[in-house]
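Summary of the model geometry
One letter stands for each residue in the lines below.
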2 protein chains.
Amino acid sequence: MPIPLPDPPRTVWAAAGHPPSVRIIDQRQLPWRLVVEELRRVEDVATAIRDMHVRGAGCIGATAAYGMWLAAETGCPPDRASALLRATRPTAANLAWAIDRMQHEGPSLAAAEAIAEEDIAACRAIGRHGMDLFECRRRELGRPDSAPLHILTHCNAGWLAFVAIGSATAPIYASHDAGRPVHVWVDETRPRNQGARLTAWELAQHGVPHTLIADNAGGHLMQRGQIDLVITGADRVTRQGDVANKIGTYLKALAAADSGLPFYVAFPTSTLDPSLLDGRDIPIEERGAEEVSWIDGPDAHGSRHLIRVCPEETRCANPAFDITPARLITQLITEHGACTANEEGLRQILPGGMPPVC
Amino acid sequence: MPIPLPDPPRTVWAAAGHPPSVRIIDQRQLPWRLVVEELRRVEDVATAIRDMHVRGAGCIGATAAYGMWLAAETGCPPDRASALLRATRPTAANLAWAIDRMQHEGPSLAAAEAIAEEDIAACRAIGRHGMDLFECRRRELGRPDSAPLHILTHCNAGWLAFVAIGSATAPIYASHDAGRPVHVWVDETRPRNQGARLTAWELAQHGVPHTLIADNAGGHLMQRGQIDLVITGADRVTRQGDVANKIGTYLKALAAADSGLPFYVAFPTSTLDPSLLDGRDIPIEERGAEEVSWIDGPDAHGSRHLIRVCPEETRCANPAFDITPARLITQLITEHGACTANEEGLRQILPGGMPPVC
């Protein structure tokens, strides 16, 4: 009997029965199948994060938080659970942030639920602040109310990347829901195709007009005036506003700067790493070569196949993130508002200023 | 009985028997199978060019030249043959150049062979001039003779893109053959994956060390100092040195400029379009959406499948080329030598100066 999604849908939640479990959408199956996976041990949670059954800043953080609770429920020592979970994804800031908080507050279900609920609330606030920027851009362009704003996004910073709503998609959904037309250019996002598989699926479910493109196409579309703004999420943001995000983000930021287009990065402040100043100090995860050389999907009859895209002996490299320096970012958008991408800008919007380094 | 390749191998050649034919490597089958296709009518030649059984600047030009000869041999009027062939690929400069020349000189086999032989000679000269630049770069970096120069290339401007040797690959092969170590970062080159399928195959055949990466990864590798120079081919070059090349080239040129790395564009002057000054006036071919949404390759057992990479209803756009403005190009490399990417630079190396506009 397949487990249904909760209503409203979310990417991760707890089932506090006997035995307790953490439930997630297994995102490796999307868009072909919507499968809920039940995780009964913290080791399963670690595998789900490392092997990207779940992925995306907020979703990783919330899943790790529920994992810490599950560990406590199932008698796994908190230090062991923390070490297991921390080792899964080296670039993701939300991972350490959520684990730290669960260790500090104690690994209760209430603490994990609070992290998840705050993630949802932060995304909702990002939607409001981002929509204000979209409306400014619309006025700046003199775009009529009936014509769409053309938005490029890279990877998936949608509700699948958080508990719900998403970061980069939040202003898109908010605009669409408010009757402000938007059209989204969706970067395929090789090698794991989160754009083609997740963002295209999400936008279709929500009824948002969109067009899928190869990652190579964005610069050309900007040169030709077919993109009005770019918005992405973030996996880690430093104190000075440098952004680690999905590999290829930097190339789009360069192109946006070359065409004079706004480049926005949307993230909840749980993604901020106040211990780092320079983005070059963010560790970049190197993932398996097989993510580049193999790809799966259904044939015309719906049968799924895993196929190779290069000669059998070809060596592949697979850095999963890159660094977009703050100088290429027009505004950062957080739950506390939008700001210039630098330390002063962040300090101004953060309640209580820049968080202390632990 | 499969038709063998000539020795030395080339991508296109004539079989002047009864009936006459043009033979090509069907590049859609690579790297899985090396298949020679026999074309008996100019309509088949047009299909082979349009549907990319053959592709790449010099290879398209030579194939069109042989097509004009085949048309004459099979009683197809030259005007009809010319119109058929010209309509196949709107961005490729070599196409019109070769057809013009065959119409001007008369569609003899000798005229087609001359175009093919000149293509080979031009690529060989590009190899010499390009290798000089590689050696300069090696000295500039203080790289020891035993350590490789790390070169990024996009798409396939290899021997498969010409009659033989290639443009961007010519200095790579020349360096490798001269015992000057090189390592090539190969961009996958979505959506048609010419890097993963053709360049990786070519380099492996030639024994050149290489690593396949997603198109998204090049900027990051440049930021981290893992790339020493970038070299690509061109599909059309304007009088002021703007370059139309495979979609995504522009993004790599931006990244090279941002990291202070040389960005070279190698092409025979048959790719030069002296009738255009500004790259923005080059027509950009829009290819079928199915090139983005479907991909083929073998599974682990060697059975080939065509699979979908996105939801069934997803709309896709597929611009096939972009424009790299001359300001981002360090040097143009032609059979007549290397030069600054501007009108004066080109005029200085071209024997007889800039060709007149027809």
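Everything numeric in this text was worked out from a predicted model, so none of it was measured.

Let's talk about the overall build of chain A
- When helices and strands are counted, chain A shows eleven helices and 16 strands.
- Radius of gyration (C-alpha) of chain A: 20 Å, near the 21 Å computed for a compact globule of 358 residues.
- Each principal axis of the C-alpha distribution contributes one length, and for chain A these read about 60 × 55 × 40 Å.
- Relative to its 358 residues, chain A shows a buried fraction of 64%.
- Approximately 12,500 Å² of chain A is accessible, and the part contributed by carbon and sulfur atoms is 52%.
- Both charge centroids of chain A, one from 34 positive and one from 43 negative side chains, sit 2 Å from each other.

Here's the deal with the packing of helix α2 (residues 57-73) of chain A against helix α4 (residues 93-105) of chain A
All names here are of chain A.
- One way to put it is that α2 packs onto α4 with a least axis distance of 8 Å and a crossing angle of 30 degrees. On the basis of their axis angle, the class for α2 and α4 is roughly parallel. Relative to α4, α2 is oriented so that their crossing is right-handed. On the side of α2, the interface is formed by Ala57, Gly58, Ile60, Gly61, Ala64, Ala65, Met68 and Trp69, while α4 contributes Asn94, Leu95, Ala98, Ile99, Met102 and Gln103.

Re the relation of the copies chain B and chain A
- Once turned by 180 degrees and shifted 0.0 Å along the axis, chain B lies on chain A with an RMSD of 0.0 Å. This pairing of chains is accounted for by a two-fold axis.
- Most of the interface of chain B is mirrored in chain A: 100% of its interface residues are interface residues there too.

Notes on the sheet that holds strand β11 (residues 272-273) of chain A
Residue and element names in this part refer to chain A.
- Strands sit in the order β11-β8-β9-β14 across an open sheet of four strands; the sheet is mixed. If you trace the sheet from one side to the other, it starts and ends with β11 and β14 (321-324), each paired once.
- Relative to the sheet, helix α9 (residues 249-258) contacts β9 (243-246) and β14, its axis offset from that of β14 by approximately 30 degrees.

Remarks on the pattern of salt bridges
- Summed over all chains, the structure comprises 62 salt bridges over all chains.
- Notably, a salt bridge pairs Glu188(A) with Arg190(B), separated by 2.6 Å at the nearest N-O pair. In this pair, Glu188(A) is assigned in the loop between β5 (182-187) and α7 (194-206) and Arg190(B) in the loop between β5 (182-187) and α7 (194-206), connecting two distinct chains. In terms of burial, Glu188(A) and Arg190(B) fall into one category: buried.
- The partner of Arg304(A) in a salt bridge is Asp296(A), and the shortest N-O contact between them spans 2.8 Å.
- On the basis of relative accessibility, which here comes to 34%, the residue Arg304(A) falls in the partly exposed class.
- Each member of the salt-bridge network shares a partner with another, and the members are Arg89(A), Arg192(A), Glu285(A), Arg287(A) and Glu291(A).

Things to note about the interface of chain B and chain A
- If you look at the interface, chain B gives 65 residues, while chain A gives 65 residues.
- A buried area of about 4,900 Å², summed over both sides, lies between chain B and chain A, and 60% of it is on carbon and sulfur atoms.
- Together, Asn216(B), Leu251(B) and Ile307(B) form the three largest contributors to the area buried by chain B at its contact with chain A, with a combined 14%.
- At the boundary of chain B and chain A, one finds four salt bridges.
- Notably, a salt bridge pairs Arg327(A) with Asp258(B), separated by 3.0 Å at the nearest N-O pair.
- Those elements giving two or more residues to the side of chain B that touches chain A turn out to be β5, α7, β6 (210-213), α8 (218-223), α9 (249-258), β12 (294-298), β13 (304-308) and β14 (321-324) of chain B.
- Element by element, the count of residues in the side of chain B that touches chain A is highest for α9(B), at six residues.
- For the side of chain B that touches chain A, a count of residues per class yields 35 nonpolar, 15 polar and 15 charged.

Some thoughts on the packing of aromatic side chains
Residue and element names in this part refer to chain A.
- Taken as a whole and judged by the stated rule, the model has two aromatic pairs over all chains.
- Here tryptophan 159 and tryptophan 201 contribute two aromatic rings whose centre-to-centre distance is 6.3 Å and whose plane-to-plane angle is 45 degrees, an arrangement assigned as tilted. Linking tryptophan 159 in the loop between β4 (149-153) and α6 (169-177) with tryptophan 201 in helix α7, this pair joins segments that are 42 residues apart in sequence.
- The lysine or arginine in question, lysine 246, covers the ring of phenylalanine 321, its NZ or CZ lying 4.4 Å from the ring centre.

Some details on the confidence of the model for chain A
- Residues at a pLDDT of 70 or more form 100% of chain A, whose mean pLDDT is 97.
- With pTM at 0.98, the complex prediction returns an ipTM value of 0.97.

Calculation notes
Residues numbered from 1 in each chain as written. Chains lettered and ligands numbered in written order. Predicted model: local features only at pLDDT ≥ 70, side-chain atom pairs only at ≥ 80, totals over all residues. Heavy atoms only, no water. Helix = DSSP H or I, 4+ residues; strand = E, 2+ residues; numbered from the N terminus. Rg over C-alpha atoms; globule rule 2.2 N^0.38 Å. Buried < 20%, exposed > 50% of the residue type's maximum accessible area, 1.4 Å probe, protein only. Areas by Shrake-Rupley, 256 points an atom, 1.4 Å probe, with all protein chains shown as cover. Lys, Arg positive; Asp, Glu negative; His and termini not counted. Charge placed at Lys NZ, Arg CZ, Asp CG, Glu CD. Axes fitted to C-alpha atoms, helices over the stretch in contact; angles between N-to-C directions. Parallel < 35°, antiparallel > 145°, perpendicular 65-115°, else oblique. Left-handed = near helix turned anticlockwise from the far one by under 90°. Contact = heavy atoms within 4.5 Å. Least-squares fit on C-alpha atoms with pLDDT ≥ 70 in both. Pairing = 2+ DSSP bridges. Salt bridge = Lys/Arg side-chain N within 4 Å of Asp/Glu carboxyl O. Buried area = accessible area lost by both parts, 1.4 Å probe. Nonpolar A, V, L, I, M, F, W, Y, C, P; charged D, E, K, R; others polar. Phe/Tyr/Trp six-rings, centres within 6.5 Å; stacked < 30°, edge-to-face > 60°. Lys NZ or Arg CZ within 6 Å of the ring centre and 35° of its normal. pLDDT = per-residue confidence, 0-100.

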